[in-house]
Amino acid sequence: MNTSRPIRARIAPLAIRHNYRLAKQHAPHSRAWAVIKANAYGHGQWRAVDALRDVADGFAMLECENAVALREAGITQPILLLEGIFSARDARAVVEHRLTTVVHCLEQLELLVRNGQFSAPVAVCLKLNTGMNRLGFTAQTLPKALDILRQLPVDITLMTHFAEADGERGVAWQMERFRAIAGDWSGPVSLGNSAAILRHPEAHGDWVRPGIMLYGASPFAEQSAAELGLQSVMTLESAIIGVQELAPGERVGYGGTFTAERPMRIGVVACGYADGYPRHAPTGTPIAVMGRRTRTVGRVSMDMLACDLTDIPEAGIGAPVTLWGKGVAGEVPADEVAAAAGTIAYELFCAVAPRVPVVLDLPAEGGR
Ligand SMILES: *Cc1c(COP(=O)(O)O)cnc(C)c1O
């Protein structure tokens, strides 16, 4: 529902396509699962699917029901279940709808074998635990899984997930463990997430799995999305709905955590933590008003936050605000807001609340 309250999340589908193509340019010898889990990182599963349906090699997500919905909507590419199956019904759906499923432990393999019926060949990604220590087979458990699977009509890919592809420790140590567990495996492998796609060409494999980069945020703390050539996809925007002139010593917001040290003009923005803006964002978090960058002041409330308009005298009630992204009010990378709030853009995107109306940001017709 498009309410008149001015907050909006604008989504640019063409930027998702651009970012997917950039992933493919970095991994020219791999196919790429477009990761659309968590409602496409808060961007809307169907928006991402529509943006990529004619370019993506495959889609990767969590819930079997959502994967089946993609099939029913005519998606013919491979669809990967990143955590595999959770029930007998999932096992049957995997076979019936030709889904590719992760299998990460023997219990899950048994669930698949017992219920899958295998009337048709099934594509399985066997997940190896190479150091993340969440999911996956080890050198001890993998042989048994392979023994079971080799008696069935399955296409097997070995897969692993990197814990520190964005950091100093990198991927070499996990690659080494992968080789040690996989032994003489010569079949297909699926390795790289966004960070590995962008930084570790040796750690791509036959299938890469780009997630965050599709949505225009950087997987790295010290390298910006723009430096990586990524285009911003989501813009969270709103407007100034109140203006206050503060005398020195006046405080702002709950807890009075910000005190004006000089005469100040502040703007109140229709956006709060109930919209998904991080409550932990401290005074000084970047925000843009009428094309100028400024800072938030005081605590974020449920429905409002305050920003410093002292040096933007032209901004009054109704002035457009960019909370993050690239909008009419200016550009504020989501990564910068996230860093200020002690989190990552992944979390900001996923947290955008259902009450925020979403509008598609499409290029103007005609292209004059
Ligand atoms: C979420 C996820 C990805 C995508 O990771 P990004 O850092 O967003 O690129 C890749 N692989 C697996 C198994 C995942 O769960």
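Residues numbered from 1 in each chain as written. Predicted model: local features only at pLDDT ≥ 70, side-chain atom pairs only at ≥ 80, totals over all residues. Heavy atoms only, no water.

What follows covers the overall build of the protein. Across its full length, the protein carries eleven helices and 19 strands. In terms of overall dimensions, the protein has a C-alpha envelope of 75 × 45 × 40 Å along the principal axes. Expressed as a percentage of its 368 residues, the buried residues of the protein come to 54%. Long-range pairs, those at least 24 residues apart, make up 64% of the contacts in the protein with a sequence separation of at least 6. Accessible surface, the protein: about 16500 Å² in total, of which carbon and sulfur atoms supply 51%. Averaging the locations of the 35 positively and 37 negatively charged side chains of the protein gives two centres separated by 2 Å. (Helix = DSSP H or I, 4+ residues; strand = E, 2+ residues; numbered from the N terminus. Buried < 20%, exposed > 50% of the residue type's maximum accessible area, 1.4 Å probe, protein only. Contact = heavy atoms within 4.5 Å. Areas by Shrake-Rupley, 256 points an atom, 1.4 Å probe, with all protein chains shown as cover. Lys, Arg positive; Asp, Glu negative; His and termini not counted. Charge placed at Lys NZ, Arg CZ, Asp CG, Glu CD.)

Okay, the packing of helix α1 (residues 13-26) against helix α3 (residues 45-52) next. Running from N to C, α1 and α3 point in directions that differ by 60°, and their axes come no closer than 9 Å. The angle between the axes of α1 and α3 places the two elements in the oblique class. Crossing hand, α1 versus α3: right-handed. On α3, the residues touching P13, I16, R17 and Y20 of α1 are A48, A51 and L52. Class assignment of the residues belonging to the contact of α1 with α3 gives a composition of six nonpolar, no polar and one charged. (Axes fitted to C-alpha atoms, helices over the stretch in contact; angles between N-to-C directions. Parallel < 35°, antiparallel > 145°, perpendicular 65-115°, else oblique. Left-handed = near helix turned anticlockwise from the far one by under 90°. Nonpolar A, V, L, I, M, F, W, Y, C, P; charged D, E, K, R; others polar.)

Here the focus is helix α4 (residues 64-72). If you check which residues of α4 are buried, you get C64, A67, V68, L70 and R71. Viewed end-on, α4 has its buried residues packed into an arc of 155°, placing them on one side of the element. Where α4 is buried, its residues touch α3, β3 (58-61), β4 (79-81) and α5 (88-96). In the stretch just after α4, G74 is the one whose phi turns positive, near 95°. (Arc of directions from axis to C-beta.)

Turning next to the packing of aromatic side chains. Throughout the structure, instances matching the rule amount to four aromatic pairs. Consider the rings of W33 and W207, whose centres lie 4.1 Å apart with planes at 20°: the pair is stacked. Here W207 lies in strand β9 (residues 207-208) and W33 lies in strand β2 (residues 31-35), a separation of 174 residues in the sequence. Comparing W33 with W207 shows no difference in burial state: the two are buried. For the pair Y41 and Y215, a centre-to-centre distance of 4.8 Å together with 25° between the ring planes defines the contact as stacked. Of the two residues, Y41 is situated in helix α2 (residues 37-41) and Y215 in the loop between β9 and β10 (234-246); the sequence distance between them amounts to 174 residues. (Phe/Tyr/Trp six-rings, centres within 6.5 Å; stacked < 30°, edge-to-face > 60°.)

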